[in-house]
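Summary of structural features
Read off the chains here:
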Amino acid sequence: MKETESCHCHESKDRSEAEYKDLIHRLNRIIGQVEGVRGMVERNAYCIDIVTQVAAVTAALSSFNKVLLGNHIRTCVSEDIRAGREDSVEELVHTLQKLMR
């Protein structure tokens, strides 16, 4: 990231190609899983089988969130702290509190 760029703008973030590809890959897998659940409902699959697949989707979304949040902390939050913008820590704390409800 260039010195003049900042993650703190809250409007967009420049992601590395590797990070972008990883996030898109994860989202595409999740989309496929959700489409699979829809197909199961359309085929009148057994409820427990559907619930099991929904749990897999939930786990995949949780994993996506962990990766995204980890990247955010390593880039945006750490850059903001080094630049003296401590409000990023408060934003992170607020976000974590919402996620833990």
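This one's a predicted model, so the numbers in the text were calculated from it and none came from an experiment.

Positive phi is not limited to glycine here, since N44 has a value of about 60°. Inspection of the secondary structure puts N44 in the loop between α1 (17-42) and α2 (47-82).

The subject of this paragraph is the packing of α2 against helix α3 (residues 87-99). Between α2 and α3, the least distance of the axes is 10 Å, while the angle of their chain directions is 160°. In terms of their interaxial angle, α2 and α3 are classed as roughly antiparallel. The two elements α2 and α3 meet at a crossing, and its hand is left-handed. From α2, N65, L69, H72, I73, V77, D80 and I81 reach across to α3, where they touch S88, V89, E91, L92, L96 and L99. The residue inventory of the contact of α2 with α3, partitioned by class, reads eight nonpolar, three polar and two charged.

Conventions used here
Here the residue numbering is sequential within each chain, running from 1 through the sequence in written order. Local features are withheld for residues below a pLDDT of 70 in this predicted model, meaning they are given only at 70 or higher, and side-chain atom pairs are given and counted only at 80 or more; totals for whole chains, interfaces and linings count all residues. The basis for every side-chain value is the complete set of heavy atoms in the structure, and neither hydrogens nor water enter the calculation. Numbering of helices and strands runs from the N terminus; a helix is a DSSP stretch of H or I covering at least four residues, while a strand is a stretch of E covering at least two. Lines are fitted to the C-alpha atoms to define the axes, a helix being fitted only along its stretch in contact, and any angle between axes, read from their N-to-C directions, falls within 0 to 180 degrees. Roughly parallel here means an angle under 35 degrees, roughly antiparallel means over 145, roughly perpendicular means 65 to 115, and every remaining angle is called oblique. In this scheme, a crossing is called left-handed if the near helix is turned counterclockwise away from the far one by less than a right angle; it is called right-handed if the turn is clockwise. The contact definition used throughout considers only heavy atoms, calling two residues in contact when any of these lie within 4.5 Å. For this scheme, ten residues count as nonpolar: Ala, Val, Leu, Ile, Met, Phe, Trp, Tyr, Cys and Pro. Four count as charged, namely Asp, Glu, Lys and Arg, and the remainder, Gly too, count as polar.

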